[in-house]
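Residue-level structural notes
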Protein chains: 4
Amino acid sequence: MALTDEQKAEMAEAAAQRTPTARPVSAGLEAMLATAIPVLDHGFVRVVDYMGDDAAVVQAARVSYGRGTKAANEDRGLIRYLMRHRHSTPFEMCEIKYHIKLPIFVARQWIRHRTANVNEYSARYSVMDKEFYIPAQAQLAAQSSVNRQGRGDVLEGEEAAHVLRLLRDDASRNYDHYIEMLNEDEAGTTLSAEKSGLARELARMNLTLNTYTQWYWKTDLHNLLHFLSLRADAHAQYEIRVYAEAMIDTVKAWVPHCYEAFRDYRMGAVTLSAQMLAIVKRLLAGEVVEQPASGLSKREWRELMETLGRE
Amino acid sequence: MALTDEQKAEMAEAAAQRTPTARPVSAGLEAMLATAIPVLDHGFVRVVDYMGDDAAVVQAARVSYGRGTKAANEDRGLIRYLMRHRHSTPFEMCEIKYHIKLPIFVARQWIRHRTANVNEYSARYSVMDKEFYIPAQAQLAAQSSVNRQGRGDVLEGEEAAHVLRLLRDDASRNYDHYIEMLNEDEAGTTLSAEKSGLARELARMNLTLNTYTQWYWKTDLHNLLHFLSLRADAHAQYEIRVYAEAMIDTVKAWVPHCYEAFRDYRMGAVTLSAQMLAIVKRLLAGEVVEQPASGLSKREWRELMETLGRE
Amino acid sequence: MALTDEQKAEMAEAAAQRTPTARPVSAGLEAMLATAIPVLDHGFVRVVDYMGDDAAVVQAARVSYGRGTKAANEDRGLIRYLMRHRHSTPFEMCEIKYHIKLPIFVARQWIRHRTANVNEYSARYSVMDKEFYIPAQAQLAAQSSVNRQGRGDVLEGEEAAHVLRLLRDDASRNYDHYIEMLNEDEAGTTLSAEKSGLARELARMNLTLNTYTQWYWKTDLHNLLHFLSLRADAHAQYEIRVYAEAMIDTVKAWVPHCYEAFRDYRMGAVTLSAQMLAIVKRLLAGEVVEQPASGLSKREWRELMETLGRE
Amino acid sequence: MALTDEQKAEMAEAAAQRTPTARPVSAGLEAMLATAIPVLDHGFVRVVDYMGDDAAVVQAARVSYGRGTKAANEDRGLIRYLMRHRHSTPFEMCEIKYHIKLPIFVARQWIRHRTANVNEYSARYSVMDKEFYIPAQAQLAAQSSVNRQGRGDVLEGEEAAHVLRLLRDDASRNYDHYIEMLNEDEAGTTLSAEKSGLARELARMNLTLNTYTQWYWKTDLHNLLHFLSLRADAHAQYEIRVYAEAMIDTVKAWVPHCYEAFRDYRMGAVTLSAQMLAIVKRLLAGEVVEQPASGLSKREWRELMETLGRE
């Protein structure tokens, strides 16, 4: 379930061949069409197809706001205005389709975003490959330290090596038993003529959640940006964040004006509650405000101070 | 709000210019990209952009059903299988974007299909054009006779002419009052310096439901086919059916295998209830079955007999 | 199409009768079930049914975040946390169904929110009532002055009276012609035995966009709050805003903790772009920042200053 | 992650306590609210909440089709008509919320139905329980030799016992290593003060796909019936079908008229393609038709003959 020969051939063909089209073309993204961007130890993200470009967003906004957008005579400015004021429908006019290879536990998080079209490799019909995600040792340390805050844990040295051994051995053994139960190999060839094999739809239950799967995933630009704003965020799990980051590179190549507006008004933006805004105003007026009298909970106060870069 | 000069220029450019792309190209649909298909008296349908082709459906099915689809070594057969067994996700991998001009009462029916992206011309921000749908006289007769079944109505001659006069006069007068209330013309130029104008968002309420609007409408192939199966159906109102029929021509040009499967397994298909199927079996066994003993209501019996072409 | 006798009977019955249920009950909302809240001149909003309460949001969050939410041992605090950090799925666990009567041009804006279930009164099958929205004179002035900013328009006195006459006369005349074309009255009774009538699906096109329609509209709490945040906003058109405001009262009665969090973190909240946040930090540090050197466009600068309450 | 004490208390409370409501109440479903229906070896389905009943479907249809539905003066007949003609929106007016415990590989199939609201127990924030699905021996089917997706003969004797041992041992060992890596037990208590633990979000990847998870799953009646028609079908995998069957029992108790129409027009219905219908007509006319001259592929011919109960 790495890139199959068929998939490689399809990519090579795309790289070699150009067909004329009357549709809008994004030069930046065309250059990426024949490439699979590596993610994690065995995963990848590749753009299979797309529709529209920065101009398609502008075109849709102009039909919506009609003659009223004449004023905004510049595409970049209009796109920034739309993003800032959360006018989302023009961004829905662009569409992109990815081919993604990812561990099952990442796929389980990802699929929660419902406004996308998905076709996943089916372990009900086919035999899975022997490929698992095993974290880099530095990740064990980093994630332990963040996620187990206050417990002073940093998983290193022999302890970390032990964890990696467990992950590797368990995934490997379970896969081998999976093949044994199936009584067939990855290519579907029967292994022993004397045995029956267990149905694929049942045998798959023995696999571990770090087994790699793959899918085609297609969505519009508005929903893609929403997905990326959540999954490229510092609070997202590292293993999905690296996919989001790879996809942000494709957005940058595809719709540079939208990307820039997204970076400024979404990724880098902050939201202040009514109470937080009131405090900012008081601080700007030179008042001294402290948490107990602020009306904010301790947690919110800390969030606000972090946002404002104070302590 | 007919095609603007900008839109005509955009279409002419598309017609004249071809850019190389590494994406799949549908030769049949490319030829239609610079054309607006006329519908009703002032409406049209034109394809603005698309993504994918027959092969994209097959590609998605193959990743889903994996090695299991090797058997179906022929694209056409696989597509027919998917359509017959309602495996809908592979058809979601193709996307199409239309620019459509249509009367508001048609737009109101259309928008009920929620799984599409829409950007509509906004009468809140812009001034509407003076364009209304006035039915052909033959339509008055046909629709009256179908819709008022049993009342023997066929609207013809002077009666029909009177109706058309009312429709034309009322739409026209209301539009003129709309412009008068706005105190500005279609181009937004103030008409009388001495008068105040009503807000566009309010003035629009004086327009009639046959006023033309326009929108960009984008959807995936699965949802498009669902829309077409309902709206190209004989029970759909004539005024939306003609749009659906124009769009079916674009599907035929775009994804010929999918179109053919759609025609055979959706448009031309019938569904029999458990009870209806039991009766068909009894009829095939040579039994004489009559409505009273059939277990079907009179209405269902009549539907079944029509389906089977009996009386 | 005002409340029918059947609907009034249904409401009276609901008011009179209480059936025991094992489901969560919102005492505040139960009290509103038999009431139609009047909106505009002939419209209304009434709650027909609902599912869930504040505790249902908490319950869903707890299964999601599992033992991890033990810390948040207080429902109100957990709901505020969820709202602040845009964890939207727990709010999807509550559902509400409204019966709404509204002008068609308002319905056309409303229906753009696609994540709701809708059943609208059909002018294809039934005859519409003679009811139109005619704005209060104060609204003509207010909306003209806001929407035609810079042109100094305020529609008052005889000019306003003239507009109201046009709206009233055109709607009324078009309705009368509608009935004449149908050759039947609101109850479906044929008016003249000697005449043929036009099909309802065609005759309706003569009606004006301020004609009242009605529908059942059902959605989950998350999508309802999103709808309300857009439509109760100062930028929304007055005629839809008053519906949103009536619905906010039902939310307040139904899920008081969610309402309070919504008010603080959505309705009263502001979003600052990366660039805006940088400026706030500089201002807090005592720096003098002016628009030209701020990196913000004039428009953005003005928006920021308004947000911060400076000039 | 079996029913927690909190959940049991909540159910007992629901069973014991009845609050008066002015909303529609389904007597049949009320009786099921305090019950968890057991499914598979450790799973269950329980109804947590619902909204609407058969009458709510009728109410919505009547506002949609207005006075036009007066003819259908009987609720049951109207519901059957709506189901038969795929008028789906009235069925969207009912909503139901389930609490479901299910193996992860079943959850992965289930989640593909996107039109539902879901809150799943999160292994990122909490520790999973030691519970796996181990099939009953009668369910240990071999891979079907005819049908790639299907199950063939049941594995027997020592082969079956061996498979069950592998499944049990692997799931169990992987779970124990999961706990070891976490260095904490199911309740979150640290096991060894001298060791560091791995982050929960990482450790979970060692679990097998038959580990049980749980979620709240909420959907409207139309989408529920669509889900059930696919998942209670003979082609669905046994492990999801048993959940669908348990849920069909809840539908039967909740909306008996809708259930009956669903059974007749969906579960028991068949769809004939244009070509198949033509053959049925020829057969009814007494013609002898054989596959080669039928215009159907061998596969389609076989499907048709099965449908008609011939050979």
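Residues numbered from 1 in each chain as written. Chains lettered and ligands numbered in written order. Predicted model: local features only at pLDDT ≥ 70, side-chain atom pairs only at ≥ 80, totals over all residues. Heavy atoms only, no water.

The name an unreviewed UniProt entry assigns to chain A is Flavin-dependent thymidylate synthase, from the organism Rhodovarius crocodyli. In its Catalytic activity (unreviewed entry) section, the UniProt entry covering chain A states "dUMP + (6R)-5,10-methylene-5,6,7,8-tetrahydrofolate + NADPH + H(+) = dTMP + (6S)-5,6,7,8-tetrahydrofolate + NADP(+)". Under the UniProt heading Subunit (unreviewed entry), the entry covering chain A gives this text: "Homotetramer." (UniProt positions renumbered as here; feature names shortened; annotations may be inferred.)

Right, let's talk about the interface of chain C and chain A for a bit. With 30 residues of chain C in contact, the opposing surface of chain A contributes 30 residues. Between chain C and chain A we count six salt bridges in total. Across the pair Glu 300 of chain C and Arg 84 of chain A runs a salt bridge, and its minimum N-O distance is 3.8 Å. Where chain C packs against chain A, one counts 15 residue pairs in polar contact (both at pLDDT 80 or more). Going through the elements one at a time, helix H4 (75–84), helix H11 (256–267), strand E7 (270–272), helix H12 (274–284) and helix H13 (298–307) of chain C are the ones with two or more residues in the side of chain C that touches chain A. Sorting elements by how many residues they give to the side of chain C that touches chain A places H12 of chain C first, with seven residues. Residue composition of the side of chain C that touches chain A, grouped by class: 11 nonpolar, eight polar and 11 charged. Across three bridges, the pairing between strand E7 (residues 270–272) of chain A and E7 of chain C is antiparallel. Opposite Val 270 of chain A, over in E7 of chain C, you have Leu 272 of chain C as the bridge partner. (Contact = heavy atoms within 4.5 Å. Salt bridge = Lys/Arg side-chain N within 4 Å of Asp/Glu carboxyl O. Polar contact = N/O pair within 3.5 Å; in protein donor to acceptor, adjacent residues only side chain to side chain. Helix = DSSP H or I, 4+ residues; strand = E, 2+ residues; numbered from the N terminus. Nonpolar A, V, L, I, M, F, W, Y, C, P; charged D, E, K, R; others polar. Pairing = 2+ DSSP bridges.)

This brings us to the sheet that holds strand E3 (residues 43–51) of chain B. Ordered by their spatial adjacency, five strands build an open sheet running E2-E3-E4-E6-E5 (chain B), and the pairing between neighbours is antiparallel. A single partner strand is all that each edge strand has here, and the edge strands are strand E2 (37–39) and strand E5 (117–120) of chain B. Going from strand to strand, the sheet's axes swing by 25° on average, the running direction of each strand aside. In this sheet, E3 of chain B lies alongside E2 of chain B in antiparallel orientation, the contact comprising three bridges. Bridging from a neighbouring strand, Pro 38 of chain B pairs with Phe 44 of chain B of E3 of chain B. Strand contacts of helix H3 (residues 54–65) of chain A: E3, strand E4 (95–103), E5 and strand E6 (212–220) of chain B, with the helix running at about 50° to E5 of chain B, the strand carrying the most contacts. Across the sheet, helix H10 (residues 238–254) of chain B lies against E2, E3, E4 and E6 of chain B, angled at about 155° from E4 of chain B, the strand it touches most. (Axes fitted to C-alpha atoms, helices over the stretch in contact; angles between N-to-C directions.)

It is worth spelling out unusual backbone geometry at this point. Even without being glycine, Leu 40 of chain B reaches a positive phi, approximately 55°. Taking relative accessible area as the criterion, Leu 40 of chain B reaches 23% and is therefore assigned partly exposed. (Buried < 20%, exposed > 50% of the residue type's maximum accessible area, 1.4 Å probe, protein only.)

This next bit is on the packing of aromatic side chains. In the structure shown here, the tally under the stated rule is 36 aromatic pairs over all chains. Ring centres of Trp 110 of chain A and Phe 227 of chain A lie 4.9 Å apart, and the angle between their planes is 35°; on these two criteria the pair is classed as tilted. With Trp 110 of chain A in helix H5 (residues 104–110) and Phe 227 of chain A in helix H9 (residues 221–231), this residue pair connects regions lying 117 residues apart in the sequence. With respect to class, Trp 110 of chain A is no different from Phe 227 of chain A; both count as buried. For the pair Tyr 175 of chain D and Tyr 178 of chain D, a centre-to-centre distance of 5.4 Å together with 50° between the ring planes defines the contact as tilted. With Tyr 175 of chain D and Tyr 178 of chain D both in helix H6 (residues 157–182) and three residues apart, the pair spans about one turn of that helix. Like Tyr 175 of chain D, the residue Tyr 178 of chain D is buried in the burial classification. Three or more aromatic residues joined by ring pairs make a cluster, and in this case those are Trp 110, Trp 215, Trp 217, Phe 227 and Tyr 243 of chain A. Note that Arg 23 of chain C overlies the ring of Tyr 50 of chain D, its terminal NZ or CZ placed 4.0 Å from the centroid. (Phe/Tyr/Trp six-rings, centres within 6.5 Å; stacked < 30°, edge-to-face > 60°. Lys NZ or Arg CZ within 6 Å of the ring centre and 35° of its normal.)

Further remarks concern the pattern of salt bridges. Residues and elements named next belong to chain A. All told, the structure shown has 84 salt bridges over all chains when counted by the stated rule. Arg 62 is the partner of Asp 75 in a salt bridge, and the nearest nitrogen-oxygen pair spans 3.8 Å. Remark: Arg 62 occurs in helix H3 and Asp 75 occurs in helix H4 (residues 75–84); sequence separation between them is 13 residues. Overlapping salt bridges, with partners in common, bring together Arg 76, Arg 80, Glu 260, Arg 263 and Asp 264 in one network.

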